[in-house]
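Chains, contacts and geometry: an overview
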Amino acid sequence: MAVRHYTLDFSLSAPADSSTTVRGLQSIFQEQEMTETIHNTEGHGYLATFIGKNGRFVVLRIHKHGLVTIDLQCYEADNLMQVDHLLNALEKKLKTLLHKNIRRIKRLPALQRGAKVDRYWPTADGRLVEYDIDEVVYEEDSVYQNIKILHSAQFGNILILNGDVNLAESDLPYTQAIMGSGKEQYTGKEVLILGGGDGGILCEAVKLKPKMITMVEISFHLHIDQLVIDGCRKHMRKTCGNVLDNLKGDCYEVLVEDCVPVLKKFVEEGKNFDYVINDLTAVPISTAPEEDSTWEFLRLILDLSIKVLRPSGKYFTQGNCANLTEALSQYEELLEKLSCPVDFSKEVVCVPSYMELWVFYTIWKK
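Okay, so let's go over this structure. Counting restarts for each chain: residues are numbered from 1 in the order of the written sequence. Note on the predicted model: pLDDT of at least 70 is required for a residue's local features to be given, and 80 or more for side-chain atom pairs to be given and counted; whole-chain, interface and lining totals, by contrast, use all residues. Processing note: side-chain calculations cover all non-hydrogen atoms of the structure and skip hydrogens and water entirely.

Strands here are runs of E lasting at least two residues and helices are runs of H or I lasting at least four, both read from the DSSP assignment and numbered beginning at the N terminus. Across its full length, the chain carries nine helices and 19 strands. Here the radius of gyration uses the C-alpha set of atoms, whereas the globule reference equals 2.2 Å times the residue count to the power 0.38. In summary, the chain has a C-alpha radius of gyration of 27 Å against a globular reference of 21 Å for 366 residues, an excess of more than 25%. Along the three orthogonal principal directions, the C-alpha set of the chain runs to about 80 × 40 × 35 Å. We call two residues contacting when some pair of their heavy atoms lies within 4.5 Å. A separation threshold of at least 6 residues defines the contact pool for the chain, and within that pool the share at least 24 residues apart is 61%. Accessible surface computed for the chain: about 17700 Å², of which carbon and sulfur atoms make up 50%. Shrake-Rupley sampling with a 1.4 Å probe provides the accessible areas, and residues are treated as covered by the protein chains on show and by no other component.

Let's shift gears to the packing of aromatic side chains. Aromatic ring pairs are defined here through the distance separating the ring centres and the angle between the ring planes. Any two of the Phe, Tyr and Trp rings considered here, Trp counted by its six-membered ring, make a pair once their centres fall within 6.5 Å; the pair's planes then place it as stacked at under 30 degrees, edge-to-face at over 60, or tilted in between. Enumeration over the complete set of coordinates arrives at ten aromatic pairs. Both rings, one in Tyr354 and one in Trp358, keep their centres 4.7 Å apart while their planes meet at 75 degrees; by these two values the pair is edge-to-face. We note that Tyr354, like Trp358, is buried. Here a set of aromatic residues connected by ring pairs shows up, and it is made of Tyr174, Tyr354, Trp358 and Phe360. Partly exposed describes any residue whose relative accessible area lies between the buried limit of under 20% and the exposed limit of over 50%, with all areas from a 1.4 Å probe on protein chains only and scaled to the type maximum.

Time to look at the sheet that holds strand 1 (residues 3-12). Across the sheet, six strands lie side by side as 2-3-4-5-1-6; this open sheet has antiparallel pairing. Since the sheet does not close on itself, it has two edges, and those belong to strand 2 (34-39) and strand 6 (102-113), each with one partner. Between one strand and the next, the sheet's axes are offset by a mean angle of 15 degrees, whatever the strand orientation. Here, a strand pair is defined by DSSP locating no fewer than two bridges between the strands. Alignment of strand 1 against strand 5 (residues 67-75), held across nine bridges, turns out to be antiparallel. Pairing of Ser11 across the sheet is with Leu67, part of strand 5. Here an axis means a line fitted to C-alpha atoms, over the contact stretch when the element is a helix, while the angle between two N-to-C directions is reported on a 0 to 180 degree scale. Helix 1 (residues 18-31) rests against strand 2, strand 3 (46-52) and strand 4 (57-63) of the sheet, and its axis sits at about 165 degrees to strand 4. Running over the sheet, helix 2 (residues 80-98) touches strand 1, strand 2, strand 5 and strand 6 and is turned about 10 degrees from strand 1.

Moving residue by residue along a regular strand, the side chains alternate between the two faces of the sheet. One ladder, built from six bridges, connects strand 2 with strand 3; its direction is antiparallel. Considered in strand 3, the bridge of Glu36 is made with Phe50. Hairpin geometry of strand 2 and strand 3 is characterised by an intervening segment of six residues between the two adjacent antiparallel strands and by a positive phi of about 55 degrees at Glu42.

Only one rule defines a salt bridge in this text: a Lys or Arg side-chain nitrogen within 4 Å of an Asp or Glu carboxyl oxygen. If you walk through the whole model with that rule in mind, you get 19 salt bridges. Among the ionic pairs, Arg299 bridges to Glu296, the shortest N-O distance being 2.8 Å. Within this pair, Arg299 and its partner Glu296 are both found in helix 8 (residues 292-307), separated by three residues, close to a single helical turn. Assessed through its relative accessible area of 42%, Glu296 is described here as partly exposed. Each member of the salt-bridge network shares a partner with another, and the members are Asp84, Glu91, Lys95 and Arg107.

The next point concerns helix 2. For helix 2, with 19 residues, the first-to-last C-alpha span of 26 Å sits near the 27 Å given by 1.5 Å per residue. Among all positions of helix 2, only Val83, Leu86, Leu87, Leu90, Glu91, Leu94 and Leu98 are buried. Relative to the axis of helix 2, the buried residues are bounded by an arc of 130 degrees and lie together on one face. Along helix 2, exposed side chains directed more than 90 degrees from the buried face belong to Met81, His85, Lys92 and Thr96. Those residues of helix 2 hidden inside the fold are in contact with strand 1, helix 1, strand 2, strand 5 and strand 6. Its side-chain oxygen placed 3.0 Å from the backbone nitrogen of Met81, Asn79 serves as the N-cap of helix 2. For a helix, the expected span equals 1.5 Å multiplied by the number of residues minus one. It is the directions from the helix axis to the C-beta atoms whose arc is reported. Contacts described as polar in this section are N or O atom pairs within 3.5 Å, which, within protein, must combine one atom able to donate a hydrogen with one able to accept it, while residues neighboring in sequence count only if both atoms come from side chains.

Turning our eyes to something else, we now look at the environment of Ile229. Tracing the backbone shows Ile229 in helix 5 (residues 226-235). In this structure Ile229 comes out as buried when scored by relative accessible area, which is 0%. Between the alpha carbons of Ile229 and Asp245 there is a distance of 9.5 Å; along the sequence they are 16 residues apart. In contact with Ile229, other than residues within four places in its own chain, are Gly197, Glu217, Leu244, Val254 and Val256.

Another point: the sheet that holds strand 12 (residues 164-168). Pairing in this open sheet of four strands is antiparallel, and the strands run 9-10-11-12 from one edge to the other. In this open sheet, the two strands that pair with only one neighbour each are strand 9 (133-141) and strand 12. With strand direction ignored, the average angle separating the axes of adjacent strands in the sheet is 25 degrees. Taken strand by strand, helix 5 contacts strand 9, strand 10 (146-152) and strand 11 (156-161), and its axis lies near 145 degrees from that of strand 9.

Following this line, the structure appears as structure tokens:
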């Protein structure tokens, strides 16, 4: 059974008088038949917990620096009207007790902990976002990763790989941005897609009448994962249409292989493309040594991709969250160290389900 966690904060201009504040609240807790336990804070303000017969649990803390916090936990099956009434009573009483001292009051919606459907996913820059997810429509553990497709009333089905939001059915802006934002002419062109197992890029590219699209689908760190394609084929059809029903069509072919040997083979054969679209992985969030292998992987893919790019061709890829300036700067420094000199431009796009601005790169040979 899930637990609901409510928070109520009073930021004050000056420290509150603990004894007066506690006496003022005691009648409310007594009406709720909640048992009080006072804890020793070693001189750091006042701390008490209150436990009710129905399992409700309240933490009251009066901090020395001028903050009063109330945390209330209850079971999901609890009478939520009664819980709301308790919170309202505590808030009203504290407004009366502290009214001349209050700078700000903040009461947040309940955090649901341990629920069957997980609604909380972090952004790339470490903020926590609550989604309106109401159903797990697909979940598989492959040899390489956990694959989830969750339903959101706002964003449609969302593909999540190892806890990372990849793409939702609402995220056509992502697909458009990584294809050049409608500024490119794909008709009659040769296109190489690296990654893209959700089928979104392939679906949109086919509509533009290219000569041929070759898509090499792998997952993170060179792991081939057919289960991503299988899940998206069934549950992300607003994104992929019917292009994943068959891995080969009139103007495209999907290779479920390790893309590095495929790219090396293309280099040896002298095969060239007008567009290379890299949807394998974002720029690493961290620049720490443990991420070295990912940075090396990015450099290798970049080098090989530029080698198979026609002189007039363009290479498209995602960067990461616009707030991750250090990681993005390191990526741009990497572009200066390739075997072939390149230039680049970048575009910042709001991707709906990411709930953050995302950076996309266009790279070409000088």
